[in-house]
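Examination of the molecular architecture
Residues per chain are reported as follows:
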Amino acid sequence: MAHPKRKISRTRRDKRRTHYKASVPTIATCPTTGEAHLYHRAHWFESKLYYRGQVLIDNSEKEENLA
């Protein structure tokens, strides 16, 4: 099995790991509802699924029929 010939110092190891960073997600505001959501993602608001300010799915009609 392969194994290192010399110990890698903490400094060298940490320098290699500096590029692994968590990125902050970009948040958008829906022009129709004013809700904050991730870019390029549909989001639910009051039983409706919105994407780019338009309603894709409306579950409020189903809930009214069940009641």
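Here, every reference points to the structure presented above.
This write-up is about the structure you can find in this document. Counting restarts for each chain: residues are numbered from 1 in the order of the written sequence. Reporting of local features is limited, given that this is a predicted model, to residues whose pLDDT is at least 70; pairs of side-chain atoms are given and counted only at 80 or more, and all residues count toward the totals for whole chains, interfaces and linings. Note that water and hydrogens are dropped before the side-chain values are worked out from all heavy atoms of the structure.

1. Here we look at a nonpolar patch on the surface
The patches described consist of residues with a relative accessible area above 30% and no salt bridge, like charges being joined within 9 Å and nonpolar side chains (Val, Leu, Ile, Met, Phe, Trp, Tyr) within 5 Å. Only the protein chains shown count as cover for residues, and all accessible areas are computed by the Shrake-Rupley method using a 1.4 Å probe. Here a salt bridge means any side-chain nitrogen of Lys or Arg lying within 4 Å of a carboxyl oxygen belonging to Asp or Glu. Side chains of Trp44, Leu56 and Ile57 sit close together on the surface and give an oily, nonpolar patch of about 320 Å² of accessible area. With respect to the helices and strands, the residue Leu56 is situated in strand E5 (residues 54-58). Runs of E in the DSSP output that reach at least two residues are strands. Runs of H or I that reach at least four are helices, and both are numbered from the N terminus.

2. Thoughts on the pairing of strand E4 (residues 48-51)
Here a strand pair is declared whenever DSSP counts at least two bridges between the two strands. In this sheet, E4 lies alongside strand E3 (residues 43-45) in antiparallel orientation, the contact comprising three bridges. The partner of Trp44 across the bridge, within E4, is Leu49. The hairpin formed by E3 and E4 contains two residues between the paired strands, and Glu46 there has a positive phi angle of roughly 50°.

3. Description of the sheet that holds E5
What the three strands build is an open sheet, ordered E3-E4-E5; its pairing is antiparallel. The strands lining the two open edges of the sheet, one partner per strand, are E3 and E5. Ignoring strand direction, the axes of neighbouring strands in this sheet form an average angle of 40°. Here an angle of 0 to 180 degrees is reported between the N-to-C directions of two axes, which are lines fitted to C-alpha atoms, with helices fitted over the stretch in contact.

4. Some details on the side chain of His37
Along the chain, the position of His37 falls in strand E2 (residues 36-38). The contact rule is simple, with two residues in contact once any of their heavy atoms fall within 4.5 Å. Other than its neighbours up to four places away in sequence, His37 contacts Thr26, Ile27, Ala28, Thr29, Cys30 and His43.

5. Overview of the pattern of salt bridges
Enumeration according to the criterion identifies one salt bridge in this entry. Between Asp14 and Arg13 there is a salt bridge whose closest N-O contact spans 3.1 Å.

6. Quick look at the pairing of E5
Across four bridges, the pairing between E4 and E5 is antiparallel. Along E5, the bridge assignment pairs Lys48 with Asp58.

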